[in-house]
Amino acid sequence: MLRQSLAAVRLLLLMTVLLGVAYPAVITLVARLDAPAADGSLVTVDGHVVGSALLGQAAAGPEWFQPRPSVSDYAGDTSGGSNLSPNSQAQADARAKREADLKAANPDAVGPIPEDALTASASGLEPYISVAYATWQIPRVAAARGVDRSVLERLVADCTDHALLGYIGQDGVNVTRLNAALAGLPKG
Amino acid sequence: MPLWLSAALSIVTVVAILAAIHVPLGGWIHRVYTSPKHLRIERAIYRLVGVDPDTEQRWQTYAISLVSFSIVSILALWGLLVAQRLLPWSQGRSMHVDTALNTAVSFVTNTNWQSYAGESGTGYLVQAAGLAVQNFLSAAVGLAVAVAVVRGLARERTDRIGNFWVDLTRGVIRILLPLAVVGAILLVVCGVIQNVTDPYTVTTITGGTQVIQGGPVASQEAIKELGTNGGGFFNANSAHPFENPSGLTNLIEIVFLLAIASALPRTYGLLVGDRRQGRAMAITMAILGVGAMVLLTVVELHWGTMEGKEQRFGVAWSAIFGSATTGTSTGAVNSLHESFSPLGGGLLLLNMMLGELSPGGVGTGLYSMITMIVITVFLAGLMVGRTPELLGKTIGRQEITLAALSLVVTPALTLLGAGISLVLPVATASMSTSGPHGLSEMLYAFTSAANNNGSAFAGLSADTPYLNLVLATAMLLGRFVPILLLVRLAGRLGEQQRRPETAGTMPTHTASFVGLLVAVILIVAALTYFPSLALGPVAEALS
């Protein structure tokens, strides 16, 4: 048992050097070849880093497109969701509150509120909303900014990532890129 | 595209990719464990470790090597996690002593249950040099056990079942490391982060602030899936956009976590010199695995919501990931299992309760399936009144006792652990809700720990001394008791002389045997777990 344990200690040390130091170091160096991706697909406005295209951001105010509800309010140093059962009273209450708030803030919106607007994401950092939810928000954003709806429709289309082959994943509008594009618009 | 069509195409895509790599990957793994040659780097490792790679071990020595290595691994990782606050590259993160013990046991047993949040509990040093190292090693231990058990079946009149150090080293050097390197680079290209930048705060587009995380994520993500480990770099695991940014990375991660386990039946067939045996096992795994995937996807498309799911994946790809992660021993999640519909959550539980053999964890799926084959052969032998045999080896009193004991360990741990905890205030205080959903939460925790899965109904506040210690015990016993019983079984089977096949021998490669095997697996799980499922998910679905 002692002989085996000594062998175990030595093998663990060797494997730690190989798998715990050399392997991540090599991958980190190789990843420099695609530094923008390895660093988190950062988004800049006027030369300043304002976030990551992979992370949603809190965006209060009617002039911005709203991301999905987030339990952590997009803090970035915590991630996770509500863990509520869809059948629970707490979840029913949360949905009802979101629905009432959205209706109040979007008097001109057309059609029912899309499902992804009423439910919190798993990560709390989801950058995507459905095309339906982006479209649903256009009247509010257009009114708040005084821009033509067609301008926003074009921006939404530009910021839509389509599912690979139409079914691997889902179509989504990247709200972080969309709001960054709005920030770059000439002030109306 | 209609929802049902895209969901059907999604499942077909996953199955087709796995079918395409089944033969080459299974054949490659077979060559790895049968090749008489050692690579130069392997020779260097054996010399430094001080073992003779050309001497095979008896089952006792194999077991002692395995247990020694695992104990040393747990103690070293525990020490590293506790010492973290004193070490560089740790981003000021730390863990309680009991959390660290739970985490060390969790990663060494290939469970990767996490009662800490990655963003606050573990810095880059322990993620890379502690946790990711065990992602490789615990998977390689699983492979080693599987191969040793198959050697016992394949060989005759020998007391040698292989050399643990060689099996472990080859699994790492020739299988897991090359796949992980390719996988990690692929993930970076698809947007998973890989850097050593400390988290920093930016001013957001609208003038707020947000922390941007960093870390060696892709290198850890690749082996986390390939080794069926599942421990997330971040709290949100594979739902976090930095771990799993798109529909494509989601597909890649699903394929990674299923790849090795679903190729191992091919390796099994080649090792026992009868590819039909491997094919029958692969078909059994496919019936159970694809069946569970289809069922869960249908249930979630019908009753599920987008609560706890990501827009870029949607309901169907969340269900497929959930089914894959519970049918293997992975436990990574791309959606919140606790927010699945009650029936959907129940199916995730049931998938783990089947014993994680559809296709199961790396190595663990293969040896769990061999256990069920031994049980099935024995039951069939009883039914027709013949001596039960598997590949010419008699399944006698000792053999069936070992197999049956390894089968009851996990249910005993799950049901006793969850049952006792549900009446202890120290445990129930951790539950986020009461009633049937609360029961499911506790049942899920013990099912996940005892089966070495690692996923959770994450509303449970598991970072308490009681749950950390009790769940660590369940993980330890759920991992090592079956392993020791099966290594003992391998020793006994290897000593037997193979009996010639006769007209009375029941074949174990036919469609009728596959049907019987599937039925036995389902009936054993149903008889064991139906009452607990009825009180939890079923009661919630009906209320």
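Residues numbered from 1 in each chain as written. Chains lettered and ligands numbered in written order. Predicted model: local features only at pLDDT ≥ 70, side-chain atom pairs only at ≥ 80, totals over all residues. Heavy atoms only, no water.

## A closer look at the sheet that holds strand S3 (residues 128-129) of chain A
All names here are of chain A. Spatial strand order, S3-S5-S4: three strands in an open sheet with antiparallel pairing. Strands at the two margins of the open sheet, each flanked by one partner only, are S3 and strand S4 (160-161). Sheet topology places S3 next to strand S5 (residues 172-174); two bridges connect them, and they run antiparallel. Within the sheet, the bridge partner assigned to Tyr128 lies in S5 and is Asn174. Most of the contacts of helix H6 (residues 175-183) go to S5, to which it runs at about 45°, and overall it touches S3, S4 and S5. (Pairing = 2+ DSSP bridges. Helix = DSSP H or I, 4+ residues; strand = E, 2+ residues; numbered from the N terminus. Contact = heavy atoms within 4.5 Å. Axes fitted to C-alpha atoms, helices over the stretch in contact; angles between N-to-C directions.)

## Regarding the pattern of salt bridges
Scanning all chains against the criterion turns up 21 salt bridges over all chains. When the shortest N-O distance is used, the salt bridge between Asp159 of chain B and Arg160 of chain B registers 3.1 Å. Where Glu389 of chain B meets Arg499 of chain B, a salt bridge forms, and the shortest distance between an N and an O atom there is 3.2 Å. Taken as a pair, Glu389 of chain B in strand S3 (residues 389-390) and Arg499 of chain B in the loop between helix H17 (465-495) and helix H18 (511-542) lie far apart in primary sequence, 110 residues in all. The exposure class assigned to Glu389 of chain B is buried, which follows from its relative accessible area of 14%. According to the relative accessible area criterion, Arg499 of chain B is partly exposed, its value standing at 39%. Shared partners join several salt bridges into a network, and the residues in it are Arg68 and Glu126 of chain A together with Glu310 and Arg312 of chain B. (Salt bridge = Lys/Arg side-chain N within 4 Å of Asp/Glu carboxyl O. Buried < 20%, exposed > 50% of the residue type's maximum accessible area, 1.4 Å probe, protein only.)

## Observations regarding the interface of chain A and chain B
Taken together, the 84 residues of chain A in the interface contact 89 residues of chain B. Where chain A abuts chain B, roughly 6900 Å² becomes buried across the two surfaces, and 65% of that area is made up of carbon and sulfur atoms. Sorting the residues of chain A by area buried against chain B places Tyr23, Asn83 and Tyr167 of chain A first, and these three jointly supply 11% of that buried surface. Put simply, chain A and chain B have two salt bridges between them. For the salt bridge of Glu307 of chain B with Arg98 of chain A, the shortest nitrogen-to-oxygen distance reads 3.6 Å. Where chain A meets chain B, there are 36 residue pairs in polar contact (both at pLDDT 80 or more). (Buried area = accessible area lost by both parts, 1.4 Å probe. Polar contact = N/O pair within 3.5 Å; in protein donor to acceptor, adjacent residues only side chain to side chain.)

## Quick look at the environment of Ser430 of chain B
All names here are of chain B. Looking at where Ser430 falls in the secondary structure, it is placed in the loop between helix H15 (425-428) and helix H16 (435-450). On the basis of relative accessible area, Ser430 is assigned to the buried category, the value being 3%. Setting aside its immediate chain neighbours within four residues, Ser430 contacts Gly459, Leu460, Ser461, Thr464 and Leu467.

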